[in-house]
Structure formats: structure tokens, C-alpha cells
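Tertiary structure, described
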Amino acid sequence: MSNQASTKPFGERAAVALKDAFLQEALTIATTKFIGLRKDSFAGFPQGEELRDQARAIKEATLQKLDHYLEQLADNVERLGGHVHWAATAEEARETILGLCRDRGVKMAVKSKSMATEEIELNEALERAGVTPIETDLGEYIIQLAHEKPSHIIAPAIHKTKGQVADLFSRELKERFAADPEVLTAAARKELRQKFLQADMGITGANFAVADTGTVVLVTNEGNGRMVTSLPRIHVAVMGIEKVIPSMTDLMVFLAILARSATGQKLSVYTTLVRGPRRSGEVDGPEEFHLILMDNGRSRQIAGALREALYCLRCGACLNVCPVYRQIGGHAYGETYPGPIGILLTAMLRGDRAVKDLAHASSLCGACQEVCPVRIDIPRMLIALRHRLNRERIAPLAERLMFGIFSRVLASPALFRLGAALGRLAQRPLVRSGRLRSLPLLLGRWTRSRDLPPLAPRSFTERWKELE
Amino acid sequence: MKNPVRASLLVTCLVDLFYPEIGVAIVTLLRRLGVAVDFPPGQTCCGLPLFNSGYHEEAARVARRMIPLFSGSEHIVVPSGSCAWMIKKEYPGLVGDEPAVGAQARTLAERTHEFSQFLVKVLGVTRVETDFRGRVAYHDSCHLLRGLGESQSPRTLLGGLPGVELVELPGADECCGFGGSFSVRLPEVSTSILDKKIANIEKTGAGCVVACDAGCLMQMSGGLSRKGSPVKALHLAQILYSEGGSAPLPTPPPEASAGKAGGRTRAA
């Protein structure tokens, strides 16, 4: 994704997305639906607000003793017969999985939806190593067929209309399909059924991992997660280290708000709890279970300004309400994690330079914070991130100079008055029927699509004398 | 006779330079309600545009100048939700540790009120008289709504006007796309968000969209007038006090809201 990000500046990618009529239609329908479902779900759930506070407190308390809970989790997974792998970087996580594939002769791996494996670009690595990855979540399956990346954290194919999916399936599966979600789902189901039985390895992420029981928790709606974790002989779960929670009691708090925030459901259709590999006497489950605990930049942030981003449950609610995301969709961000939280996660995982432009892809309207199940103060952290870009001199020199001058002017009433007087002179030839319709330079970016009121002939400060 | 409520107008840069009539409306209205209004000289800007872009030291420089101007003020009234938010929520964190202005910043934060909140929550005014007539839709400015948690006060005031029909704007709580420097950093995205807002405004059939933030007004009126729409974007104060609508009401106000409000606040 980093390559994609560097080809075109963010502003241009966004402008292209705005002109994509299919994308606009798909985004409007899907995000409007998600917003309504979430709202209705919480409206009928008065204890939701308190649970959100509780969930936030659990996340914070867990972060404070993260090492303790991770060790407890690892001990319990191993006690249950599973293997635990610590991965400091994305590369280490990838290599661990590729090593398992090599040693165990894995040729095909089925996957359930996982942002962590997107983060480490696992599919590409598997393909290069001669292992065929098969996405089994319907949305992920669609975008894998289309050779695209997810454009939403929980709805990877949100950018596609059903007509586009029908065309894609017809082309790739060599059969004509109607633009009917039921028909298309049945087609995917038929294709995938065989893969589940053929695959040697199942790869998942983890929505949560419970430290004191060693349980990995997957929240899905299609049942594919359950197939992926039980049919192949090896199950590998990849999780960011911040996904650990202390106990099953804590899990109940998160489950009560996660699906409501994401899709408006009380609970997702499947909540899969995995505890190690198949034990003697059990009829199903994998022979081997591997848990990869991945840092990849996370621990660095524990004491940093972006700490709260480690609370994120990956529900996607902030994307649905973000006016910027709703206009441009996920791909324009050019990173694994799109939307407001994605900007913070990108900074966390890839460093501040990666978000030089993205840090400004927010009007700071605060809708994200309002819907976040754990109330992450995303606007405040975006401002903190912008501050870092300025301090680290990653922000363009011209911008830093301009804001420096701007602040000198605003800190001096005399300069402020002078600036206004010069502005009034300069605008004189440009005012057309009381409006400014075309201005040069930076202000041209405003007047390209909007009028600007001219500076008033006399400021309020000047008019005050008559009011006194 | 009781002492009147005293309030200082913090006019904000946008109202000062682009929309002085909003300032005039506020002063006139407040006086009519029996408030003694002053205007501390030397005002420029609260520094929000600097702060939100990550220029915190630069914003602090502006804040340090602004804060002492209001050291003698009983209440500070701000016509924009975003500037009120900056002063109430960010000034204490920005310069609160500084010996010279820290304590003053915290006091200023407590005494600062967004205009609609000042009317309803401080003065206890819910009905005013105005010559404004027509159907209006109210747009929730993000910083007033989510930053200061206010959605009711402006609606209460608009809903209490006999000649005004207040209609609910679909997606009233959604951003208009202004976002300060966002509007010129990503002009296409900003305008695309605005287009949705304008479509919603037009759906209401209102002759006027009302907001409590000069930034949103600049954005919405900029889009409306570019599209040739007859719909106006006006500040709440311009509805509550319709300048040039007709002769001002007699002053001092005979009874009703003003007297009660003044008394209540003094007692508090």
C-alpha cells in the first residue's frame, strides 16, 4: 500500500474519488445505512453509554499492564497446547507464517477477514512463496477477485455496487450472475466450500484475546471464521498486541458494544471462541494452533500522544460518520487503515512522515469521537499529530513560514488592522455584486467552487465607536 | 434598581472583518435585554486556525495577548461556537501553566459563553421580539454541538419567535465542510461535503439557514451564492435582531425577559 500511497498526492487521489459516480453511490448508500443502524441500536440500549465508559476504562487499564497480560495470554495459550510467536515487526510476522507454510508443506490457506494480515501484506507474501491465499469473507472475497484492497475496516467491498459485483463474478467465475445479493452470495459460498476442505492452513486475525483463559475471539457474520478455525489442520491467528483483554467478564462488555457500533447488531451472528488446538477426544478443530503477537510499532505509542488509538476495536463506526471518508472512500487514503482512526494508526505503524498530508484529511468535526465505542478523542490526536508534523519540520517550509507570519499578525492589533486595510485595497477591483468570485493563489482554492464575502468596508472594531 | 448584567463582546476575527453586522446585532440585542455591553479594545483572533493546524506555540502567542484583555469582564460573549470552544476548552491547556496568564486563562474559560448559550443559560431568555419573518432551518456547527455539547439553545430561541417557522434540517448535525484551513487544503472534498449540506438545506424549503458560527456561514453562503441560490445563510443574532427590519423596540425593555433575566443572573 505504501507504493500506492507514494504515486499520487493524497489531494489528487481524493479528487479522483469524488468524480467516481459508482463510488459515490455505493458510499452514500452504505454509510447512511450504517449510521442509521448504529443510531437505532444504541437508542434502544440505555446502558450502552455506561458500557462504553467501562470499555474505555478496561482498555486503558490493560495498556498500563500490557506486558503482564500478554505474558499471561501466552502462558495460557501454550498450556492449552498452542504455540505463541512474538513478532516485533510486520516482516517478522510474515516470516513466521511463511516458515510454518514451508515446514508443513502448506499449499493453500483460507483466511477470515483480518486487518492485521492486511497490515503485514500477507497475501502478497504468501503468493510469492507459492501458497494460495483464499479470502472467505464475502467482502474480502470480492476484492480479492478484483485484485483490490479493502476500503473499509469491516466492509472491505463497501466501495462496490451490487451491479459491479455481479459483473466481477460473471467475469471471474465464468458464469452470468444477476445483480442480486442472494444470488451472488450463493455463488461465493459454492466456490468457497471446496476451498475450506482443501486448505492446509486457516489464517485469522483476532478481535480480542482473553489473557486469563487463553481464548482468541473472532466476531463474524458469515460463519466463515468458524470454518477457517476448525477445518484446516493448522490455525494461525495474527493479532496486534493491543487486542489482549484481561478476562471473559471484560469480553462481555466489549461484545455488548462492538457489533452495535459496527453494524447496529446486538451481537454479530457468530462469536467464535478458540482455545488452543483440538484436544484428544474432540472431534473437530485444528491439529496445530499458532498465535502471533505482533507489535509493529504499537508499543512505541504506549507512552505517546497517540496512545488512545491503541484502544481501537476496529469497528469502523468512525469511518461511516466521517464527512471526508463518506466523500472519498477508503482507497483514496492509500493506506491499510482508512478513515479518521486510520490516519492515527498509519502514523503509529509507518511514522509521521506517512501522514504528512493525511493528518489534514479531517475537518475536525468530531463525529468520529462521538460514535467511537471507546470514545477515542480522534480530533484531539489529529491536532497533536499536526503539531508534531510542525515541530519535526515535516510540514512544508512555506506552510510553517506562513503560520509563523500569521501568528505575528494576529498577536498585534496594529498589524491586524494594517493587514485588513491592505486586504480591502487589494480586493477592490475584484468585488462583483458584493462577492469575491475569483481570487489568486491560496484563496483561489476557495473561490474555485465558492464565493467569498469581501472584507467589510468598516470592521466591527471601527463601528464600535458609534455603538458606544 | 439592580445592577445590570455586564458582558464583554469577544467579536472574533471573522465577525470583526467580514460580518460586523453580526456584532452590531449582538450588541443591540443584548442591550435591549438590559445587558451592559462593552468591547475591550485590541482584539484580533482567538488563535484557533493556528491551533487546529498544529501551530500551538504560535496559537499560544496569540492567546497570551487575548487573555488579559478580558481580565475585568464578568461574562464574555462569543458569536462563534468554534472560538468559544477554543477559549473554553483549549486555552487552559495551551497556556494554563504559564505564571503570567495561566490563572487568567482558566477564569476566562469559565466566564466565556457562546452567544446562544449566554442568552438561554446565563440570561434565561427564551423569547425575544424580532421583525424577522419566514421559514428557517438550523445547522448545528460542529464545535458548538460536539465541542460544547449544545444543540438546544439556538433551537429554543428560534422556536420562540412568533413570525419564524423553524424546520428541522436533514443531517443538521453533519459538518458543512468548512473546517478552517481544511477548506483550502482540500477544497474539492470540502465543497463536496458542502454540496450535500446545500442539497439538504434546499429540501427544507427554508429561505434561510441559521448557524452560530461565522466559519460555517462563510462556507454555506459561499456555496449558496455560487450556485445562485436565493437561500441566505445568517447568524442566529441576525434573526433575533433583524437589523433594518423596523424601528428598534423601546429601550429599556419594559418588563418580561430582560428584567427577569438580569435579576436571575445577579442572584446567581
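A quick note: this is a predicted structure, and the numbers were derived from the prediction, not measured.

**Some points on the overall build of chain B**
A count of helices and strands for chain B gives 14 helices and 8 strands. Put simply, 80% of the contacts in chain B that link residues at least 6 apart link residues at least 24 apart.

**Thoughts on helix H11 (residues 181-198) of chain A**
An α-helical segment advances 3.6 residues per turn. Residues three or four places apart therefore align on the same side. All names here are of chain A. Taking 1.5 Å per residue as the helical rise, H11 with its 18 residues ought to reach 26 Å, and the 26 Å between its terminal C-alpha atoms agrees with that figure. A maximum bend of about 25° is found in H11 at leucine 192. Every buried residue of H11 is listed here: Leu184, Ala188, Leu192 and Lys195.

**A look at the sheet that holds strand S2 (residues 108-111) of chain A**
All names here are of chain A. Reading across the sheet, the 6 strands line up as S1-S10-S7-S4-S2-S3 and stay open at both edges, with parallel pairing between neighbours. With one partner strand each, in any of the chains shown, strand S1 (83-87) and strand S3 (132-135) form the two edges of the open sheet. Neighbouring strand axes in the sheet, compared pairwise and without regard to direction, differ in orientation by 20° on average. The pairing of S2 with S3 spans 4 bridges and is classified as parallel. Note on S3: the bridge partner recorded for lysine 111 is glutamate 135.

**As for the sheet that holds strand S6 (residues 164-167) of chain B**
All names here are of chain B. With parallel pairing, the 4 strands of this open sheet are ordered in space as S6-S5-S7-S8. For this open sheet the edge positions go to S6 and strand S8 (232-235), each flanked by a neighbour on one side alone. Taken over all neighbouring pairs, the strand axes of this sheet differ in orientation by 35° on average, direction set aside. Of the strand pairs in this sheet, strand S7 (residues 208-211) and S8 are connected by 4 bridges, and their pairing is parallel.

**What to know about the interface of chain A and chain B**
Listed by partner, the interface residues are 49 residues for chain A and 50 residues for chain B. Those elements giving two or more residues to the side of chain A that touches chain B turn out to be helix H2 (10-18), helix H15 (323-328), helix H17 (367-371), helix H18 (378-391), helix H19 (397-410), helix H20 (413-427), helix H21 (441-447) and helix H22 (460-467) of chain A. Of the residues belonging to the side of chain A that touches chain B, the class tally is 28 nonpolar, 12 polar and 9 charged.

**Comments concerning the environment of tryptophan 85 of chain B**
All names here are of chain B. One can find tryptophan 85 in helix H5 (residues 81-95). The class of tryptophan 85 is buried, set by 24 C-beta atoms lying within 10 Å. In this structure, the C-alpha to C-alpha distance between tryptophan 85 and leucine 144, residues 59 residues apart in sequence, is 7.2 Å. With residues up to four places along the chain from it excluded, the contact list for tryptophan 85 reads His143, Gly147 and Leu148.

**A short note on the domain arrangement of chain B**
Residue and element names in this part refer to chain B. Per the domain assignment, the segments making up chain B are domain 1 (6-123 + 246-267) and domain 2 (134-240). Each of domain 1 and domain 2 has a C-alpha centre, and the two are 21 Å apart. Between domain 1 and domain 2, the contact holds 28 residues from the first and 22 residues from the second. Going through the elements one at a time, helix H1 (13-17), helix H2 (20-32), helix H3 (48-52), H5 and helix H7 (115-122) are the ones with two or more residues in the side of domain 1 that touches domain 2. No other element matches the 6 residues that H7 contributes to the side of domain 1 that touches domain 2. Here the side of domain 1 that touches domain 2 is built from residues that sort into 16 nonpolar, 8 polar and 4 charged.

**Focus: the packing of helix H4 (residues 56-69) of chain B against H5 of chain B**
Residue and element names in this part refer to chain B. The contact between H4 and H5 brings their axes to 10 Å, and the two run at 105°. Taken together, the axis directions place H4 and H5 in an arrangement best described as roughly perpendicular. Where H4 approaches H5, its residues His56, Ala59, Ala60, Ala63, Arg64 and Ile67 are matched on the opposing element by Tyr91, Leu94 and Val95. When the residues that make up the contact of H4 with H5 are grouped by side-chain class, the tally is 7 nonpolar, 1 polar and 1 charged.

**Regarding the environment of arginine 233 of chain A**
Residues and elements named next belong to chain A. Along the chain, the position of arginine 233 falls in the loop between helix H12 (224-230) and strand S7 (234-240). When the C-alpha atoms of arginine 233 and glycine 48 are compared, they prove to be 39 Å apart, with 185 residues separating the residues in sequence. Apart from the residues within four sequence positions on either side, arginine 233 is in contact with Asp200, Pro286, Glu287 and Glu288.

**Focus on the pairing of strand S10 (residues 288-294) of chain A**
All names here are of chain A. Across the 7 residues that make up S10, a large majority, 6, are buried. Pairing analysis gives 5 bridges linking S1 to S10, with the strands arranged parallel. In the strand pairing of S10, alanine 87 is matched with methionine 294. Bridge analysis of S7 against S10 gives 7 bridges, and the strand direction is parallel. Considered in S10, the bridge of glycine 240 is made with methionine 294.

**Focus on helix H11 (residues 187-204) of chain B**
Residue and element names in this part refer to chain B. Across its 18 residues, H11 extends 26 Å between first and last C-alpha, which sits within 8% of the 26 Å expected from 1.5 Å per residue. Buried within H11 are the following residues: Pro187, Glu188, Val189, Ser190, Thr191, Ser192, Ile193, Leu194, Lys197, Ile198 and Ile201. In the segment just after H11, glycine 205 is the residue with positive phi, at about 70°.

**As for the confidence of the model for chain A**
Counting all residues, the mean pLDDT for chain A is 96, and 99% of those residues have values of 70 or more. Below pLDDT 50 for its whole length, residues 1-5 of chain A participates in 8 contacts with residues either more than four positions away or in separate chains.

**Quick word on the packing of helix H10 (residues 162-172) of chain A against H11 of chain A**
Axes are the key here: two packed helices are described by the angle between their axes and the distance separating the axes. Residue and element names in this part refer to chain A. Closest axis-to-axis distance for the H10/H11 pair is 10 Å, and the angle between their directions is 35°. Two packed elements cross with a definite hand, and for H10 against H11 that hand is left-handed. Of H11, the residues touching H10 (which contributes Lys162, Val165, Ala166 and Phe169) are Pro181, Leu184 and Ala187. Tallied by class, residues from the contact of H10 with H11 come to 6 nonpolar, no polar and 1 charged.

**Overview of unusual backbone geometry**
Residue and element names in this part refer to chain A. In the Ramachandran plot, glutamate 121 falls in the positive-phi region, its phi being about 50° despite a non-glycine side chain. Following the sequence through the fold, glutamate 121 ends up in the loop between helix H7 (115-119) and helix H8 (122-128). C-beta crowding within 10 Å serves as the criterion here: with 16 such atoms nearby, glutamate 121 is assigned to the partly exposed category. In this model, arginine 393 sits at a positive phi of 55°, which is unusual for a non-glycine residue. Among the structural elements, arginine 393 can be located in the loop between H18 and H19.

Thresholds, definitions, all that
Residues numbered from 1 in each chain as written. Chains lettered and ligands numbered in written order. Predicted model: local features only at pLDDT ≥ 70, side-chain atom pairs only at ≥ 80, totals over all residues. Helix = DSSP H or I, 4+ residues; strand = E, 2+ residues; numbered from the N terminus. Contact = placed C-beta atoms within 7 Å. Expected span 1.5 Å × (residues − 1). Bend = angle between axes of the 7 residues up to and from the residue. Buried ≥ 20, exposed ≤ 12 C-beta atoms within 10 Å, placed from the backbone. Pairing = 2+ DSSP bridges. Axes fitted to C-alpha atoms, helices over the stretch in contact; angles between N-to-C directions. Nonpolar A, V, L, I, M, F, W, Y, C, P; charged D, E, K, R; others polar. Domains from an automatic or database assignment. Parallel < 35°, antiparallel > 145°, perpendicular 65-115°, else oblique. pLDDT = per-residue confidence, 0-100. Left-handed = near helix turned anticlockwise from the far one by under 90°.

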